[in-house]
Amino acid sequence: LNCEAAALRVVAEVPRRRQSRNRRRMVEGHSVHRVARGLRQRLVGRRLKASSPNGRFTEGAELIDGQEFRAVEAIGKNLFAFFGGQHKGDQTVVHVHFGMAGVWAIFALAAGEAVPDPPPTT
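These lines cover the structure that appears in this document, whether it is placed above or below. Position labels on residues start from 1 in each chain and follow its written sequence. In keeping with the predicted nature of the model, local features appear solely for residues at pLDDT of at least 70, side-chain atom pairs appear and are counted solely at 80 or more, and the whole-chain, interface and lining totals rest on all residues. Only hydrogens and water are removed before side-chain values are computed, so all heavy atoms of the structure are retained for them.

## A word on the overall build of the chain
Working step 1: Helix numbers and strand numbers start at the N terminus; a helix is a DSSP run of H or I with at least 4 residues, a strand a run of E with at least 2. Broken down by element type, the chain carries two helices and seven strands.
Working step 2: When the helices and strands of the chain are read in sequence order from the N terminus, they spell out β-β-α-β-α-β-β-β-β.
Working step 3: Residues classed as buried in the chain amount to 38% of the 122 residues present.
Working step 4: Any pair of residues with heavy atoms lying within 4.5 Å of one another is described as a contacting pair. A separation threshold of at least 6 residues defines the contact pool for the chain, and within that pool the share at least 24 residues apart is 62%.
Working step 5: We get accessible surface area from the Shrake-Rupley algorithm with a probe of 1.4 Å; when it comes to residues, only the shown protein chains can shield them. Just so you have it, the chain exposes about 7100 Å², and 49% of that area is on carbon and sulfur atoms. Throughout, exposure labels follow a simple rule: accessible area from a 1.4 Å probe, protein chains only, divided by the maximum for the residue type, with under 20% read as buried, over 50% as exposed, and the rest as partly exposed.

## Quick word on the pairing of strand E5 (residues 78–84)
Working step 1: E5 sits mainly inside the fold: six of its seven residues count as buried.
Working step 2: Of the strand pairs in this sheet, strand E4 (residues 69–75) and E5 are connected by six bridges, and their pairing is antiparallel. Looking at the pairing, Phe69 lines up with Phe83 of E5.
Working step 3: Both E5 and strand E6 (residues 91–97) contribute to a ladder of seven bridges, which runs antiparallel. Within E6, the position partnered with Gly84 by the bridge is Gln91. Two strands pair under a simple rule: DSSP has to find at least two bridges between them.

## A word on the sheet that holds E5
Working step 1: Across the sheet, three strands lie side by side as E4-E5-E6; this open sheet has antiparallel pairing. The open sheet has two edge strands with one neighbour each: E4 and E6. Sheet twist, expressed as the mean angle between neighbouring strand axes with direction ignored, is 15°. Axes here refer to lines fitted to C-alpha atoms; in helices the fit is confined to the stretch in contact. Angles between the N-to-C directions go from 0 to 180 degrees.

## Quick notes on the nonpolar core
Working step 1: Core analysis: the largest hydrophobic core is formed by 20 residues, its most contacted members being Leu39, Leu43, Phe69, Val72, Leu79, Phe83 and Val94.
Working step 2: Sorting the residues of this core by element identifies helix H1 (29–43), helix H2 (58–64), E4, E5 and E6 as the ones contributing at least two each.
Working step 3: Counting residues per element, this core draws most heavily on H1, at five residues.
Working step 4: If we ignore the near neighbours within four places in the chain, the residues touching Val72 are Ala36, Leu39, Arg40, Leu79, Phe80, Ala81 and Phe82. Only buried residues count toward a nonpolar core, which is a set of Ala, Val, Leu, Ile, Met, Phe, Trp, Tyr and Cys residues joined through side-chain atoms within 4.5 Å.

The following block contains the structure:
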């Protein structure tokens with residue numbers, strides 16, 4: 001799935017004491033690798049909630065909603081997130097190309113706390 005220029009909201013429930021809102025602007029490839037490392041450390045192994053607030057990634061969000069975040073890889077300005085099954089053939093892969101700019105936001109929420117609305121997309 002290619003979600004270039006689409007909004008994707010991914011939520012993981014983590015303890016409140018680790019609450020943060022990390023937003024990283026991405027322009028250079030090394031920044032994408034930094035984001036991948038952060039996602040790997042904080043989200044791999046968790047089951048995530050996914051939605052498409054602007055409706056442009058509804059089908060993809062449904063495929064990964066409730067699935068375990070298995071792995072993430074960065075190649076240049078491309079990020080590949082693997083969800084679902086234990087074997088590569090059983091997984092859904094989300095491909096994100098950041099182009100000139102992009103944002104990944106991780107929200108550590110208490111149970112029942114609302115996710116902030118994403119910024120508008122073009």
